[in-house]
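Here is what each chain is made of, one letter per residue.
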2 protein chains.
Amino acid sequence: MSEKRPHVVIIGAGFGGIKAALLLARENVDVTLIDRNNFHLFQPLLYQISTSMLSIDEIAYPTRAFFRKYKNVRFMLAHVQGFDVENKEVITPYKRVKYDYLVLAAGSTTNYFGMNKLSYSTYGMKTLREAIHIRNHVLHMFERAERETDPEIRKRMLTFVCVGGGPTGIEEAGSLSELVYIAMKDEYHGLDLNDVSIILIEATDKVLPMMPEDLRKETVRVLRSKKVDVRLNTQVVDCDENTLTLKDGTTIATNTVIWAAGVKAVPVIEKLGSEVDRAGRVIVKKTLQVPDHPEIFAIGDCAHLEQNGRPLATIAPVATQGSVVCVENIKKLIKGQTDLKEFVYHDVGSMATIGRGQAVMFKGSLKMKGFFAWCAWMLIHLMRLAGTHTNITVALKWGWNLLSGIRLGRIITNIPDNRNEQ
Amino acid sequence: MSEKRPHVVIIGAGFGGIKAALLLARENVDVTLIDRNNFHLFQPLLYQISTSMLSIDEIAYPTRAFFRKYKNVRFMLAHVQGFDVENKEVITPYKRVKYDYLVLAAGSTTNYFGMNKLSYSTYGMKTLREAIHIRNHVLHMFERAERETDPEIRKRMLTFVCVGGGPTGIEEAGSLSELVYIAMKDEYHGLDLNDVSIILIEATDKVLPMMPEDLRKETVRVLRSKKVDVRLNTQVVDCDENTLTLKDGTTIATNTVIWAAGVKAVPVIEKLGSEVDRAGRVIVKKTLQVPDHPEIFAIGDCAHLEQNGRPLATIAPVATQGSVVCVENIKKLIKGQTDLKEFVYHDVGSMATIGRGQAVMFKGSLKMKGFFAWCAWMLIHLMRLAGTHTNITVALKWGWNLLSGIRLGRIITNIPDNRNEQ
């Protein structure tokens, strides 16, 4: 690296961070991209890892492979611990990394809304490791249930609860249903699949709040047709190893609660010392700069910016569109220009799959559901996946699964601890 | 299950166990197949997991998926702890499983030849978890080396030693070389790949002892052309976290020793109480029965049977051919017949890849090397992999890798402990 060129440090190799680094790679700057993992994760498909549909390397792509041609981009595997904004340094366990410009694209983590106990007794699904953990656990529950003689314990092992009616909860519940009732249906000769319950719990009166009412109703209808017990207006107040407790006092005996009820910015963002919202997101100016720190930008899930009176959603397009404006503004600052661009998010619509061949999508006045929405969902996700080879294998897997219901990912890579084993 | 039908218990879902269970599934018997994992592992390709070539679900296949149509076959996920041969019971942590006939197909594990310390300081490569562990560790060594400032420590982190000149050691060393010098060569902008050493250590004077001399020489030549430092007549006597010690007193500074120097039967086999050989394999009669226990059979890696004055090799074809004879003999015993069949192994030849487009194969008077041997190797392995979808994706990956050198599996799923981190 040249000592004279401006040094941009980007934290996070998600959608926003990778895009920003690729845009900056072509400029006369040095870039250091820091992430706690060595891969870029395609988070929207994480639920397909947890439900044994896709392979790990189909949704995780080695971060360094993006930057083979760009010698001015360095990658650093590290967990950022904090910031020294006075000296313009990022603190990692190995060294302090000096920056001229800092881009915070560190993403989000599971939000338990203050119920910290739930972080131990439920399964989050924001990281690859968490998704693998869910996969191992769900498959193991079936193995244990088949050899369990107490019918009550067996039913508890076969009760799977997803909390949260957003896209993640919907997709997880739908995919779990197909895993159980289609992919595995002839494989547990000693189990009665009537003992299985898949429950989706949502605190408000609607699933997929960004969708119009008819698509929300369609979503609930399809889920119920897949034997998912959808419970709206239902709030979780407590959870331990064997029991989920609801606000009305009823309990559900279960060993598996997947918590997809909300996200918050990763905790390190608060260490910046700048104002954050209730979800820990740093409040940025319209130029995506952090107040009082024109050299620090925040984009994507860890930034809070309001548009039309509401904060922007924590979705990939907000992060990637933000990274473009962020890079433009950094280039202007380097040139000494002061007419920075303000970020305006252009809605690309929203979509969710409820199962193979079933999806809902919505953009402006366009509404789609059913098989064609699923095809559109599939195409859009395939286009965005990194790597041509992955496009082919994922397309094959989805097509194959549509026809035969087979899921090849049902591999327990780590037998979980046998808590509750009788 | 019917109470009256004979109950055959098979331990191990490897090549021998799966084949035996599939053959017995069509008979008027009940079968219980017990394995400590929920998948059948295609062990010959394990090195391609450890070197980031293939995905986990391409070489691991859910065991239960083999037996969807066969309600008389039950699978049980359990680690067998011992036997009560008087009462004809297999002991598991959950229950004792009664058998009329028992098939031991439990396979083998790494043999440290009494140097137990090495089981802690080196990496075995017999299980899926071990291969994943090697992959994570090797990738992590590169990440750590790039941020390491001490050149000596950096070289130690980038020194990779494979011990054992059999197919596993050869294939691991060759594949590791391509991972480093082809797939990752443009990705570590802060590393000089001249600091990398890949060393193959073999105690005897030859690699691939089952091969004729010209193919052995070809193997060494190809490995050396791939910058693998092949050291014959070299014996390991000690290894700790940072240093491998050889018999002549020289040491190699390394954090990565992959131990592929030998195998022995899994330890539970000794608990049978029957005579075993030095590698813990139970000595069987030519009918594959365990002496004094006509109802107990042993096949594959955990059985010792001599043919032409030498014990049969621990390779897949011996296990699958053995399972056929074993099942025939069980059927005869059920019918009350006493003219049991004796097992004669028919050599199918042997082969090894040394890298993409490079292999050696040998059968009788047939010898092949180079690209055509590699194509033959590829076809034979594809044919034997379970599942059509897997055949397609693996063929695509191998072809793609041949052309572009890309390896998509470079995902660190678990950051190893930072021992030695400065």
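Residues numbered from 1 in each chain as written. Chains lettered and ligands numbered in written order. Predicted model: local features only at pLDDT ≥ 70, side-chain atom pairs only at ≥ 80, totals over all residues. Heavy atoms only, no water.

## Thoughts on the overall build of chain A
Line of reasoning, step 1. Check the secondary structure of chain A and you find 11 helices and 28 strands.
Line of reasoning, step 2. Taking 2.2 N^0.38 as the reference for a compact globule, 422 residues should give roughly 22 Å; the C-alpha atoms of chain A span a radius of gyration of 22 Å, in line with that estimate.
Line of reasoning, step 3. Each principal axis of the C-alpha distribution contributes one length, and for chain A these read about 70 × 40 × 40 Å.
Line of reasoning, step 4. By the burial criterion, 59% of the 422 residues in chain A qualify as buried.
Line of reasoning, step 5. Taking all contacts inside chain A whose residues are at least 6 apart in sequence as the whole, residues at least 24 apart take part in 65%.
Line of reasoning, step 6. Surface accessibility of chain A: about 17300 Å² in total, with carbon and sulfur atoms responsible for 50%. (Helix = DSSP H or I, 4+ residues; strand = E, 2+ residues; numbered from the N terminus. Rg over C-alpha atoms; globule rule 2.2 N^0.38 Å. Buried < 20%, exposed > 50% of the residue type's maximum accessible area, 1.4 Å probe, protein only. Contact = heavy atoms within 4.5 Å. Areas by Shrake-Rupley, 256 points an atom, 1.4 Å probe, with all protein chains shown as cover.)

## Digging into the domain arrangement of chain A
All names here are of chain A.
Line of reasoning, step 1. Taken domain by domain, chain A comprises domain 1 (7-110 + 263-334) and domain 2 (113-261).
Line of reasoning, step 2. Summarising the inter-unit geometry, the C-alpha centres of domain 1 and domain 2 are found 31 Å apart.
Line of reasoning, step 3. If you look at the interface, domain 1 gives 19 residues, while domain 2 gives 18 residues.
Line of reasoning, step 4. Summing the contributions of domain 1 and of domain 2, the shared interface buries around 1600 Å²; its carbon and sulfur component is 64%.
Line of reasoning, step 5. If you look at where domain 1 meets domain 2, you find 0 salt bridges.
Line of reasoning, step 6. At the surface where domain 1 touches domain 2, the tally comes to 5 residue pairs in polar contact (both at pLDDT 80 or more).
Line of reasoning, step 7. When residues of the side of domain 1 that touches domain 2 are traced back to their parent elements, those giving at least two are β3 (39-41), α2 (46-50) and β10 (108-110).
Line of reasoning, step 8. Top element by residues in the side of domain 1 that touches domain 2 is α2. It accounts for 4 residues. (Domains from an automatic or database assignment. Buried area = accessible area lost by both parts, 1.4 Å probe. Salt bridge = Lys/Arg side-chain N within 4 Å of Asp/Glu carboxyl O. Polar contact = N/O pair within 3.5 Å; in protein donor to acceptor, adjacent residues only side chain to side chain.)

## Quick word on the packing of aromatic side chains
Residues and elements named next belong to chain A.
Line of reasoning, step 1. All chains considered together, the criterion is met by 18 aromatic pairs over all chains.
Line of reasoning, step 2. Their ring planes at 25° and their centres at 5.8 Å tell us that Tyr112 and Trp259 sit as a pair that is stacked. With a gap of 147 residues between them, Tyr112 in the loop between β10 and α4 (118-121) and Trp259 in strand β18 (residues 256-259) connect regions that are remote in the sequence.
Line of reasoning, step 3. Taking 5.0 Å as the distance between ring centres and 40° as the angle between the ring planes, the aromatic pair formed by Trp377 and Trp398 counts as tilted. Taken as a pair, Trp377 in helix α10 (residues 370-384) and Trp398 in helix α11 (residues 388-404) lie far apart in primary sequence, 21 residues in all. Here Trp377 and Trp398 have matching classes, each one buried.
Line of reasoning, step 4. Taken together through their ring pairs, the aromatic side chains of Tyr61, Phe66 and Phe67 make up a single cluster.
Line of reasoning, step 5. Across from the ring centre of Tyr181, 4.6 Å away, lies the NZ or CZ of Lys227, which sits over that ring. (Phe/Tyr/Trp six-rings, centres within 6.5 Å; stacked < 30°, edge-to-face > 60°. Lys NZ or Arg CZ within 6 Å of the ring centre and 35° of its normal.)

## Let's talk about the UniProt feature "domain: FAD/NAD(P)-binding" (unreviewed entry) in chain A
Line of reasoning, step 1. Here the UniProt feature "domain: FAD/NAD(P)-binding" (unreviewed entry) sits at residues 7-313 of chain A.
Line of reasoning, step 2. The span residues 7-313 of chain A shows a helical share of 26% and a strand share of 29%, and its end C-alpha atoms are spaced 30 Å apart. (UniProt positions renumbered as here; feature names shortened; annotations may be inferred.)

## Looking at the pattern of salt bridges
Line of reasoning, step 1. Going through the model one piece at a time under the given rule, you end up with 48 salt bridges over all chains.
Line of reasoning, step 2. Among the ionic pairs, Lys397 of chain B bridges to Glu58 of chain B, the shortest N-O distance being 3.1 Å. With a gap of 339 residues between them, Lys397 of chain B in helix α11 (residues 388-404) and Glu58 of chain B in helix α3 (residues 56-59) connect regions that are remote in the sequence. Across the pair, Glu58 of chain B and Lys397 of chain B agree in class, each one buried.
Line of reasoning, step 3. As a salt-bridge pair, Asp238 of chain B and Lys117 of chain B come within 3.1 Å of each other at their nearest N and O atoms. You can see Asp238 of chain B sitting in strand β15 (residues 236-239) and its partner Lys117 of chain B sitting in the loop between β10 (108-110) and α4 (118-121), a full 121 residues away along the chain.
Line of reasoning, step 4. A residue is classified by how much of its surface remains accessible, and Lys117 of chain B, at 44% relative accessible area, is partly exposed.
Line of reasoning, step 5. Among the ionic contacts, a cluster of salt bridges with common partners joins Asp84, Glu89, Arg96 and Lys98 of chain A.

## Comments concerning the relation of the copies chain A and chain B
Line of reasoning, step 1. Least-squares fitting of chain A to chain B yields an RMSD of 0.0 Å, with the transformation described by 0.0 Å of translation along the axis and a rotation of 180°. Viewed as a symmetry operation, the transformation between the two copies matches a two-fold axis. (Least-squares fit on C-alpha atoms with pLDDT ≥ 70 in both.)

## Quick notes on the sheet that holds strand β2 (residues 30-35) of chain B
Residues and elements named next belong to chain B.
Line of reasoning, step 1. The 6 strands are arranged β5-β2-β1-β9-β22-β21 in an open sheet whose pairing can be described as mixed. In this open sheet, the two edge strands, each paired with only one partner strand, are β5 (73-77) and β21 (289-290).
Line of reasoning, step 2. Relative to β2, strand β1 (residues 7-11) runs parallel, the two sharing 5 bridges. In the strand pairing of β2, Ile10 is matched with Leu33. (Pairing = 2+ DSSP bridges.)

## What to know about the nonpolar core
Line of reasoning, step 1. If you look at the biggest cluster of nonpolar residues, it comprises 259 residues, and the most contacted ones within it are Phe142 of chain A together with Phe142 of chain B.
Line of reasoning, step 2. When residues no more than four places from it in sequence are discounted, the contact partners of Phe142 of chain A are Leu158, Phe160, Val180, Met184, Tyr188, Leu191, Leu193 and Val196 of chain A. (Core = buried A, V, L, I, M, F, W, Y, C linked by side-chain atoms within 4.5 Å.)

## Digging into the side chain of Arg281 of chain B
Residues and elements named next belong to chain B.
Line of reasoning, step 1. The residue Arg281 is located in the loop between β19 (263-265) and β20 (282-283) in this model.
Line of reasoning, step 2. Judged by relative accessible area, which is 13%, Arg281 ranks as buried.
Line of reasoning, step 3. Leave out the neighbours within four places in its chain, and Arg281 touches Ala265, Glu275, Val276, Asp301, Cys302, Ala303, His304 and Thr314.

## Some details on the sheet that holds strand β9 (residues 101-104) of chain A
Residue and element names in this part refer to chain A.
Line of reasoning, step 1. Within the open sheet, the 6 strands sit side by side as β5-β2-β1-β9-β22-β21. Their pairing is mixed. The open sheet terminates on both sides in strands that have one partner only, identified here as β5 (73-77) and β21 (289-290).
Line of reasoning, step 2. By the bridge criterion, 2 bridges tie β21 to strand β22 (residues 293-298) in an arrangement that is antiparallel. Paired with Val290 across the strands is His293, a residue of β22.

## Describing the state of the cysteines
Line of reasoning, step 1. In the structure shown here, the tally under the stated rule is 0 disulfides over all chains.
Line of reasoning, step 2. Unpaired in terms of disulfides, Cys326 of chain B finds its nearest cysteine sulfur in Cys302 of chain B, a separation of 10 Å. (Disulfide = S-S within 2.5 Å.)

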